[in-house]
Amino acid sequence: MLPVYELGLENVVKECQGRNLFFSTDVEKHAREADIVFVSVNTPTKTRGLGAGKAGDLTYWDSAARMIADVSKSDKIVVEKSTVPVRTAEAIEKILTHNSKGINFQILSNPKFLAEGTAIEDLFQPDRVLIGGGETPGGQKAIQALKDVYAQWVPEERILTTNLWSAELSKLAANAFLAQRISSVNTMSALCERIGPKFLNASVGFGGSCFQKDILNLVYVCECNGLLEVAEYWKRVIKINDYQKTRFVNRVVASMFNTVSGKKVAILGFAFKKDTGDTQETPAIDVCKGLLGDKANLSIYDPHVNEDQIQRDLPMNKFDWDHPLHFQPMSPTTVKQVSVVWDTHLTLICYL
């Protein structure tokens with residue numbers, strides 16, 4: 001059984017495993033043998049130090065790059081697959097070069113544009129594949145090598161190539177625009193409760209691992225470049241998202257005679273969107289915390305999220321979700337107030 005749920009993923013793994021898909025915990029061996037290494041590690045928001053609360057934490061990327069440099073015995077292409085802060089490739093290149101022992105490394109940025117819930121469909125039929133690389137002959141050769149991989153199933157006109165900086169910034173911009181669109185329609189939902197389906201459905205707010213993190217990265221980049229007004233604009237997108245979640249909780253409490261204390265509230269759906277088990281930055285966490293703060297008793301159901309994950313998520317501090325599990329103890333207080341029952345999205349059922 002796979003440790004994550006994504007619609008259609010299990011079928012792909014069953015079809016490919018043992019043929020051209022293999023799993024291993026011997027990272028060093030396979031990094032040493034590979035011609036192309038995709039690095040898909042966490043890049044959480046920093047919780048301390050310079051840029052805390054906005055800048056990306058590149059601890060895991062740094063560790064991966066140093067391991068690749070240490071074990072490599074032949075030239076390699078190293079591909080950024082994680083969503084990373086702008087100019088990460090420059091920093092990674094310095095790490096690899098200073099530890100290269102004469103080995104040539106080419107860094108590419110190949111951000112993902114897959115949406116959870118439809119990721120497999122998006123992988124097979126992407127609207128675009130973006131590859132950024134160096135403008136040297138070696139960089140262009142590396143771009144072509146990765147382009148040839150995607151060309152096995154992606155039409156050539158959908159494979160776009162650019163420089164490293166542009167590829168990294170394009171991913172942040174794409175996610176920022178999507179998040180801004182959600183926040184914009186949610187502001188209208190505060191004024192007009194019903195919005196026609198031909199526009200964009202209003203929601204409790206955006207979630208997932210990328211939107212907030214990428215906007216905060218964008219804010220940090222803008223501030224570092226002296227664009228304080230631009231940074232403030234993007235901060236407002238996140239503030240509106242937080243406002244929408246708070247407004248939702250307040251409406252629920254108001255509809256229950258201004259208190260949910262001691263009342264049982266059923267929450268149908270805990271992941272941040274349907275057809276996924278991903279709970280990273282899910283609006284359900286803030287909604288549940290708001291209700292728990294008014295001493296509600298919650299009964300939560302999600303077909304793709306297990307009880308341990310829910311109990312772990314609820315007491316977690318901001319930004320902690322993207323850090324190792326051993327830093328995320330479960331809270332015995334939360335356990336007492338929450339029961340988990342095993343397609344749905346965030347729906348509340350209140351019992352008087």
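Residues numbered from 1 in each chain as written. Predicted model: local features only at pLDDT ≥ 70, side-chain atom pairs only at ≥ 80, totals over all residues. Heavy atoms only, no water.

## Some details on the packing of aromatic side chains
Right, on to step 1. Summed over all chains, the structure comprises 4 aromatic pairs.
Right, on to step 2. Taken together, a centroid distance of 5.5 Å and an interplanar angle of 50 degrees make the contact between Tyr-150 and Trp-153 tilted.
Right, on to step 3. You can call Tyr-150 buried: its relative accessible area is 9%.
Right, on to step 4. Summarising the aromatic geometry, the rings of Phe-177 and Trp-234 are spaced 6.0 Å apart at their centres and angled 45 degrees between planes, so their arrangement reads as tilted. With a gap of 57 residues between them, Phe-177 in helix H7 (residues 164-191) and Trp-234 in helix H9 (residues 228-255) connect regions that are remote in the sequence.
Right, on to step 5. Overall, the relative accessible area of 54% leaves Phe-177 in the exposed class.
Right, on to step 6. Here Trp-234 falls in the buried class, since its relative accessible area comes to 8%.
Right, on to step 7. By the ring-pair criterion, three or more aromatic residues cluster together here, those being Phe-177, Tyr-233 and Trp-234.
Right, on to step 8. In this structure, Lys-171 packs its charged tip against the face of Phe-113, placed 5.3 Å from the ring centre. (Phe/Tyr/Trp six-rings, centres within 6.5 Å; stacked < 30°, edge-to-face > 60°. Buried < 20%, exposed > 50% of the residue type's maximum accessible area, 1.4 Å probe, protein only. Helix = DSSP H or I, 4+ residues; strand = E, 2+ residues; numbered from the N terminus. Lys NZ or Arg CZ within 6 Å of the ring centre and 35° of its normal.)

## Remarks on the confidence of the model for the chain
Right, on to step 1. Residue-level pLDDT values for the chain average 88, and 89% of them are 70 or greater.
Right, on to step 2. Here residues 326-332 is a poorly scored stretch, pLDDT under 50, and it has 10 contacts once near neighbours within four places are set aside; other chains count. (pLDDT = per-residue confidence, 0-100. Contact = heavy atoms within 4.5 Å.)

## Let's talk about unusual backbone geometry
Right, on to step 1. Of note, Arg-87 is a non-glycine position whose phi angle comes to about 75 degrees, a positive value.
Right, on to step 2. On the secondary structure map, Arg-87 appears in the loop between strand E2 (76-80) and helix H4 (88-98).
Right, on to step 3. A positive phi angle, near 60 degrees, is found at Phe-257, a position not held by glycine.
Right, on to step 4. Along the chain, Phe-257 falls in the loop between H9 and strand E6 (264-268).

## Let's talk about helix H8 (residues 211-224)
Quick reminder: α-helices carry 3.6 residues per turn. Residues three or four places apart thus point the same way.
Right, on to step 1. Counted at 1.5 Å a residue, the expected span for H8 with its 14 residues is 20 Å, and the 20 Å between its end C-alpha atoms agrees.
Right, on to step 2. For H8, the buried fraction is high: 10 of the 14 residues fall into the buried class.
Right, on to step 3. Of all the positions in H8, only Phe-211, Gln-212, Lys-213, Asp-214, Ile-215, Leu-216, Asn-217, Leu-218, Val-219 and Cys-222 are classed as buried.
Right, on to step 4. Those residues of H8 that are buried are in contact with H7 and H9.
Right, on to step 5. Where H8 terminates, the next one or two residues include Gly-226, which has phi positive at roughly 75 degrees. (Expected span 1.5 Å × (residues − 1).)

## Considering the pattern of salt bridges
Right, on to step 1. Inspection of every chain in the model, using the stated rule, returns 12 salt bridges.
Right, on to step 2. Measuring nitrogen to oxygen at the nearest pair gives 2.7 Å for the salt bridge that ties Arg-87 to Glu-90.
Right, on to step 3. Judged by its relative accessible area of 44%, Arg-87 falls in the partly exposed class.
Right, on to step 4. For Glu-90, a relative accessible area of 39% gives the class partly exposed.
Right, on to step 5. Each of Lys-54, Glu-223, Glu-232, Lys-235 and Lys-239 takes part in a single network of salt bridges with overlapping partners. (Salt bridge = Lys/Arg side-chain N within 4 Å of Asp/Glu carboxyl O.)

## Quick look at the pairing of strand E4 (residues 129-133)
Consecutive side chains of a regular strand alternate in pointing toward one face of the sheet and then the other.
Right, on to step 1. A large share of E4 lies buried, amounting to 5 of its 5 residues.
Right, on to step 2. Judged by which residues are buried, E4 turns out to be covered on both faces: Val-129, Ile-131 and Gly-133 on one side and Leu-130 and Gly-132 on the other are all buried.
Right, on to step 3. When E4 meets strand E5 (residues 159-163), the two strands line up parallel, connected through 5 bridges. Note on E5: the bridge partner recorded for Gly-132 is Thr-162.
Right, on to step 4. Regarding topology, helix H6 (residues 137-150) serves as the crossover connection from E4 to the parallel E5, and that connection is right-handed. (Pairing = 2+ DSSP bridges. Right-handed = clockwise from strand over helix to strand, strands pointing away.)

## Remarks on the nonpolar core
Right, on to step 1. Core analysis: the largest hydrophobic core is formed by 24 residues, its most contacted members being Phe-270, Leu-291, Leu-298, Ile-300 and Leu-314.
Right, on to step 2. Listed by contribution, the elements that provide at least two residues to this core are H9, E6, helix H10 (283-293), strand E7 (297-301) and strand E8 (338-341).
Right, on to step 3. If you tally residues by element for this core, the top one is H10, at 6 residues.
Right, on to step 4. For Phe-270, the contacting residues outside a window of four places in its chain are Thr-279, Thr-282, Ala-284, Ile-285, Cys-288, Ile-300, Tyr-301, Asp-302, Val-305, Ile-310, Asp-313 and Leu-314.
Right, on to step 5. With 21 residues, the next largest nonpolar core counts Val-39, Ala-65, Val-84 and Leu-96 among its residues. (Core = buried A, V, L, I, M, F, W, Y, C linked by side-chain atoms within 4.5 Å.)

## Details of the packing of H7 against H8
Right, on to step 1. Where H7 meets H8, the axes come as close as 9 Å, and the angle between the chain directions of the two elements is 115 degrees. Our pair here, H7 against H8, has a crossing hand that is left-handed. Residues Leu-169, Lys-171, Leu-172, Asn-175, Ala-176, Leu-178, Ala-179 and Ile-182 of H7 form the contact with H8, whose own contacting residues are Phe-211, Asp-214, Ile-215, Asn-217 and Leu-218.
Right, on to step 2. The residue inventory of the contact of H7 with H8, partitioned by class, reads 9 nonpolar, 2 polar and 2 charged. (Axes fitted to C-alpha atoms, helices over the stretch in contact; angles between N-to-C directions. Left-handed = near helix turned anticlockwise from the far one by under 90°. Nonpolar A, V, L, I, M, F, W, Y, C, P; charged D, E, K, R; others polar.)

## Quick look at the environment of Glu-116
Right, on to step 1. Take Glu-116: it is sitting in the loop between strand E3 (105-109) and helix H5 (119-124).
Right, on to step 2. In the structure, Glu-116 is positioned 157 residues away from Lys-273 in sequence and 8.0 Å away in space, judged by C-alpha atoms.
Right, on to step 3. In contact with Glu-116, not counting residues within four places along its chain, are Glu-6, Ser-209, Phe-272, Lys-273, Thr-276 and Asp-278.
Right, on to step 4. A polar contact is formed between the side chain of Glu-116 and the side chain of Thr-276, at a distance of 3.1 Å. (Polar contact = N/O pair within 3.5 Å; in protein donor to acceptor, adjacent residues only side chain to side chain.)

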